[in-house]
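Residue-level structural notes
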Amino acid sequence: MSAELFRTCPESGLQFHKPAERLMKAHAVASIVFLLIGGVGALLVTLTRWPAVHLLPADRFYQLLTMHGVDMLIFWLITFEIAVLYFCSSTLLKCRLATPKIAWLGFALMMIGMVVNNLAVMNGDASVMMTSYVPMPANPNFYLGLILFAVGALIGCFVFLGTLVIAKEEKTYEGSIPLVTFGALTACIIAVFTIASGAIILIPTYLWSIGYINHIDPAMYRLIWWALGHSSQQINVAAHVAVWYAIAAIVFGARPLSEKVSRTAFFLYIAFLQLASAHHLLVDPGLSSEWKIFNTSYAMYLAVLASMVHGLTVPGSIEVAQRAKGLTNGLFEWLRKAPWSNPIFSGMFISLVGFGFIGGISGVIMGTEQINIIIHNTIYVPGHFHATVVIGTTLAFMSLTYFLIPTLFRKQVMFPGLVKWQPYLFGFGMAVFTLAMMGAGTLGVERRHWDMAFTDSMLGFDYPASAYTFMGIVGISGTAAVIGGAIFVLVTVLSVFFGKPVDSESAWGFTTSRVLRAEPIVVPEGGHAAAGKWGFAAPGTFLLAIFFLVIFVIYYVINWKYLASVWPIS
Amino acid sequence: MSAIQPPAEIVWWKQPLDRVEGTWIAIALTWSLIMFFMMPFWHIYGKQNLSNEAYRTTPQAFLAKTQAMVDEYTVRTETAANLPVVRPPPGSDVYLVGRLWQWWPLLEFEKGQTYRLHISSMDWQHGFSLQPVNINTQILPGYEMVLTVTPDTSGEQTIICNEFCGIGHHTMLGKIYVTEGGQ
Ligand code: HEM
Ligand SMILES: [Cu+2]
Ligand SMILES: [Cu+2]
């Protein structure tokens, strides 16, 4: 292990293994290109669902919706996640990356897979949505591209695991791996499971599409496909929760309230992840209610519990760090005086609140066996998951990128004045967008639907005017969020390729980053709780958590009431 | 040590919980359990539950049963395409076909009566979405799903397809008319 292979970032103190650094850069840049492509799709699809605009013709709409779903959910998120895995292993453990050459092979496969899949969709005979439910056939290259990409991503996972092994053997750290790395390990284990499920279902489907297999059972397809499709959302959750903890550490020098609780919560994601497929099958024929109830609730909501725990401990750790710095007035001084104009922090905090309040609550509610009857396949569903994967995961990754531009790419972030506003525009735009979708979905508006006015149908149906209003709000707020996303892509690409090099700390743009130089937080006399209230180290956070719970309970009850008004079914 | 560094205590698992964490975990766990038990509770006391009664079938067999019902109970036809409107007797087995791109036939129910509604697909996956009452289920080819429904509002309900089923997906509609009882 030669020293020239490593570089220490003078400002942050992070140590980068150069071959790993090149890989991280490649993955990060590629993923942002995918975000750009998916974002073009987002704009066109949104403008079509905005009834007053109704931009695209039907075939283009379904084609671009397929493209948007796959490029965003699979290609953008997973490619960025591989960069996060390398960062959390090689950089945080100060260790060389295992087998960089094989890692490049994985990268190449991912890129080829992405191109093969996108060409199939562009060709026009693969507009089957990302779920590609059988027996609706797609161009075989659609599946082939996904398979190649998955193999590449799997290689990335194994490189990450290999790096952990090397770090342990070469003793590059003492004791246990950092919490953030543990979160990344969680994401990686889940990724291996989901990619295996993906292989089990996509390989036969590919063979079916080229004529080697003549039948695939649609119910079985859905069960296994969703073991890929939903469980992979747990990769995103584990990854963005790890990023939240990382940003709390980077911006505030925060340490976890307790390692035990946070790690157990990550572990719960692994323990119950394989059950989540059921969320999509709650109104499917051929499954029993017992099976549905057990699985949809992750065996009594234990994975949901895990997210509620992280939702407390991440802001709680920030509160403790802020209180230790003397921001102890009242319940919320620590929050009011947080660096709201630093996009690394503001993005992360909006991500956390949006994920919990909008994505989390709606997810649990529509995942309730009976309530799913009034929500399944309405536009409520994309409303829910844009709150999880866009406000939650995507915004968290954007915030992390603002940190990586100076540390990893050694470039100054351009247009800092504009960047300050980016998380707000993107986060709030998306928040309105998701809430409006949920509103429309509650009125029965369908997802994946070109024409809510049914003009070409013999029979016809009129949604209430309020449904049109909601979809108009979806169009406007979606466009605002797309502008927020475009600012991110533009600033990142311009900074990385044309930015001024970072030469001093003042050139950072956002000076609150402390990272490894952070002065250790001094525990006040009488322990952390002494700086808090009621014997709680983080009383403000606790109050916020209770507020969250109250909204959750109210909204839960409202949905049962709504269900009770529907025709009796048994 | 922050979250991006190894824990300061080598035996971190012995570090005691902070009170704020312990309290929140207890509250959140309680709420999780309440939500869990709400589902079986609703099976016993609620009126909206899928029975999950379903059978394997084939498009041919299912279409034959539907055709038999149409032949027997059609009361009128509608639209230029002469779509049959079927008024099956209360309590009977009713068949509804989903295919590219229609729900066939149109149905007429009586308010307050119970029907065993069998639904299957002839081709790809479809989504049965009854609006505005808002009941949504997934329809698969090869599976016959049975919904035992009791319409408790009268008027016109539209069946929309809410699973993407190709280029005509947004034109795929059907109807269930509900008449006041005793007519
Ligand atoms: C500003 C950003 C975005 C806007 C305005 C937007 C808008 C939309 C709209 C209008 C739909 C169609 C809903 C329907 O008709 O069923 C959609 C679908 C979808 N979006 Fe986005 N989106 C954005 C970003 C993202 C991101 C970042 C992701 C993933 C990380 C994502 C993942 C998806 C997925 C998976 C679907 C479902 C596709 C399907 O039904 O197969 N979106 N989006
Ligand atoms: Cu259909
Ligand atoms: Cu359809």
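Rules of the game
Residues numbered from 1 in each chain as written. Chains lettered and ligands numbered in written order. Predicted model: local features only at pLDDT ≥ 70, side-chain atom pairs only at ≥ 80, totals over all residues. Helix = DSSP H or I, 4+ residues; strand = E, 2+ residues; numbered from the N terminus. Rg over C-alpha atoms; globule rule 2.2 N^0.38 Å. Buried ≥ 20, exposed ≤ 12 C-beta atoms within 10 Å, placed from the backbone. Contact = placed C-beta atoms within 7 Å. Nonpolar A, V, L, I, M, F, W, Y, C, P; charged D, E, K, R; others polar. Domains from an automatic or database assignment. Pairing = 2+ DSSP bridges. Axes fitted to C-alpha atoms, helices over the stretch in contact; angles between N-to-C directions. Core = buried A, V, L, I, M, F, W, Y, C linked by C-beta atoms within 7 Å. Near = placed C-beta within 6 Å. Expected span 1.5 Å × (residues − 1). Bend = angle between axes of the 7 residues up to and from the residue. Parallel < 35°, antiparallel > 145°, perpendicular 65-115°, else oblique. Left-handed = near helix turned anticlockwise from the far one by under 90°.

For the rest of this paragraph, the subject is the overall build of chain A. Of regular secondary structure, chain A possesses 17 helices and two strands. On C-alpha atoms alone, chain A measures out to a radius of gyration of 23 Å, which is about the 25 Å that the 2.2 N^0.38 rule sets for 570 residues. Taken over the C-alpha atoms alone, chain A extends approximately 70 × 55 × 45 Å along its principal axes. Per-residue burial for chain A yields a buried fraction of 61% across its 570 residues. Taking contacts inside chain A between residues at least 6 apart in sequence as the whole, the part at least 24 apart equals 84%.

Summing up its helical and strand segments, chain B has two helices and 12 strands in all. Along chain B, helices (α) and strands (β) appear in the sequence α-β-α-β-β-β-β-β-β-β-β-β-β-β when read from the amino end. Here chain B has a C-alpha radius of gyration of 24 Å; the compact-globule value for 183 residues is 16 Å, and the former is much larger. In terms of overall dimensions, chain B has C-alpha extents of about 80 × 40 × 30 Å along its principal axes. Buried residues in chain B amount to 47% of all 183 residues. Looking at chain B alone, contacts between residues at least 24 apart form 55% of all its contacts between residues at least 6 apart.

The subject of this paragraph is the interface of chain B and chain A. A common way to report how large an interface is uses the accessible area buried once the components associate. With 75 residues of chain B at the interface, the matching set in chain A holds 88 residues. At the level of elements, helix H1 (19-45), strand S8 (126-131), strand S9 (135-139), strand S10 (143-149), strand S11 (155-161) and strand S12 (173-179) of chain B are the ones that each hand at least two residues to the side of chain B that touches chain A. Broken down by element, the residue count for the side of chain B that touches chain A peaks at 17 residues, all from H1(B). For the side of chain B that touches chain A, a count of residues per class yields 40 nonpolar, 28 polar and seven charged.

Taken as a whole, chain B is organised into domain 1 (1-49) and domain 2 (53-179). Put simply, the middle of domain 1 of chain B and the middle of domain 2 of chain B, counted by C-alpha atoms, are 43 Å apart.

All names here are of chain B. Spatial strand order, S2-S3-S6-S12-S11-S8-S9: seven strands in an open sheet with mixed pairing. Edge positions in the open sheet fall to strand S2 (74-78) and S9, since each of these has one partner strand only. On average, each strand axis in the sheet is tilted by 20° relative to the strand beside it, whichever way the strands run. Packed onto the sheet, helix H2 (residues 59-73) meets S2 and strand S3 (83-86) and runs at close to 75° relative to S3.

Attention now moves to the nonpolar core. The biggest cluster of nonpolar side chains holds 248 residues, and the ones touching the most others in it are Ala242(A), Tyr245(A), Ile247(A) and Ala248(A). Per-element tally for this core: the top contributor is helix H2 (residues 58-91) of chain A, with 20 residues. Two domains each put at least three residues into this core: domain 1 (1-49) and domain 2 (53-179) of chain B. Residues within four places of Ala248(A) in sequence aside, it is in contact with Ala254(A), Val314(A), Ser317(A), Ile318(A) and Ala3(B).

What follows concerns the site of ligand 1. All names here are of chain A. Lining the immediate surroundings of ligand 1 are 25 residues, of which Gly69, Met72, Arg447, Gly478 and Ala481 lie closest. Put simply, the parts of the chain that give the shell around ligand 1 at least two residues each are helix H1 (18-49), H2, helix H13 (380-407) and helix H16 (465-498). Considering each element in turn, the shell around ligand 1 owes the most residues, seven residues, to H2. Of the residues that constitute the shell around ligand 1, the class distribution is 15 nonpolar, seven polar and three charged.

For the rest of this paragraph, the subject is helix H8 (residues 259-272) of chain A. Counted at 1.5 Å a residue, the expected span for H8(A) with its 14 residues is 20 Å, and the 20 Å between its end C-alpha atoms agrees. Of the positions making up H8(A), those classed as buried are Glu259(A), Val261(A), Ser262(A), Arg263(A), Ala265(A), Phe266(A), Leu268(A), Tyr269(A) and Phe272(A).

All names here are of chain B. Across the junction of Leu100 and Trp101, the peptide omega takes the value -10°, indicating a cis bond. Mapped onto the secondary structure, Trp101 falls in the loop between strand S4 (93-99) and strand S5 (102-104). Cis peptide bonds are those with omega within 30 degrees of zero, and the linkage from Trp104 to Pro105 qualifies with -10°. On the secondary structure map, Pro105 appears in the loop between S5 and strand S6 (106-110).

With that settled, the discussion passes to the pairing of S8(B). Residue and element names in this part refer to chain B. The element S8 is largely enclosed, with a buried count of six among its six residues. The side-chain alternation of S8 yields two buried faces, one formed by His126, Phe128 and Leu130 and the other by Gly127, Ser129 and Gln131. Summarising the sheet, S8 and S9 pair through five bridges and their orientation is antiparallel. If you follow Gly127 over to S9, its bridge partner there is Gln138. Between S8 and S9, which follow one another and run antiparallel, lie three residues, and Asn134 among them has a positive phi close to 75°. Bridge analysis of S8 against S11 gives four bridges, and the strand direction is antiparallel. Across the sheet, residue Phe128 finds its bridge partner in S11, namely Cys161.

Bringing helix H12 (residues 343-366) of chain A into the picture now. All names here are of chain A. Taking 1.5 Å as the rise per residue, H12 with 24 residues should run 34 Å; its terminal C-alpha atoms sit 32 Å apart, in good agreement. Taken as a whole, H12 carries its principal kink of about 35° at Phe355. For H12, the tally of buried residues reaches 22 of 24 residues, placing the bulk of the element in the interior.

What follows concerns the sheet that holds S5(B). All names here are of chain B. With mixed pairing, the five strands of this open sheet are ordered in space as S1-S10-S7-S4-S5. Every interior strand has two partners, whereas the edge strands, strand S1 (53-56) and S5, have only one. Ignoring strand direction, the axes of neighbouring strands in this sheet form an average angle of 25°. Where strand S7 (residues 115-121) lies against S10, five bridges are found, and the strand directions are antiparallel. By the bridge assignment, Ile119 is partnered in S10 with Met145. Along the sheet, H2 makes contact with S4, S7 and S10, crossing S4 at roughly 125°.

The subject of this paragraph is the packing of helix H3 (residues 100-123) of chain A against helix H4 (residues 140-169) of chain A. Residues and elements named next belong to chain A. As a packed pair, H3 and H4 sit with axes 7 Å apart at the nearest point and diverge in direction by 160°. The orientation of H3 with respect to H4, classified from their angle, is roughly antiparallel. Crossing angle aside, the handedness with which H3 passes H4 is left-handed. Taken together, the residues of the contact of H3 with H4 break down into 21 nonpolar, seven polar and no charged.

In this section: the packing of H2(A) against helix H5 (residues 179-209) of chain A. All names here are of chain A. Where H2 meets H5, the closest approach of the two axes is 9 Å, and the angle between their N-to-C directions is 140°. As the angle between them shows, H2 and H5 are arranged oblique. Handedness of the H2/H5 crossing: left-handed. Of the residues in H5, those in contact with Glu81, Val84, Leu85, Cys88 and Ser89 of H2 are Val180, Thr181, Ala184, Ala187 and Cys188.

Before going further, it helps to spend a moment on the environment of Ala537(A). Its place among the elements puts Ala537(A) in the loop between H16 and helix H17 (539-564). Measuring from C-alpha to C-alpha, the distance between Ala537(A) and Ile374(A) comes to 41 Å, with 163 residues separating the pair along the chain.

Moving on, we come to the environment of Ser570(A). Tracing the backbone through its elements, the reader meets Ser570(A) in the segment after H17. Along the sequence, Ser570(A) and Val115(A) sit 455 residues apart, while their C-alpha atoms lie 47 Å from each other. Beyond its immediate stretch of four places on either side in the chain, Ser570(A) contacts Asn49(B), Ser51(B) and Thr148(B).

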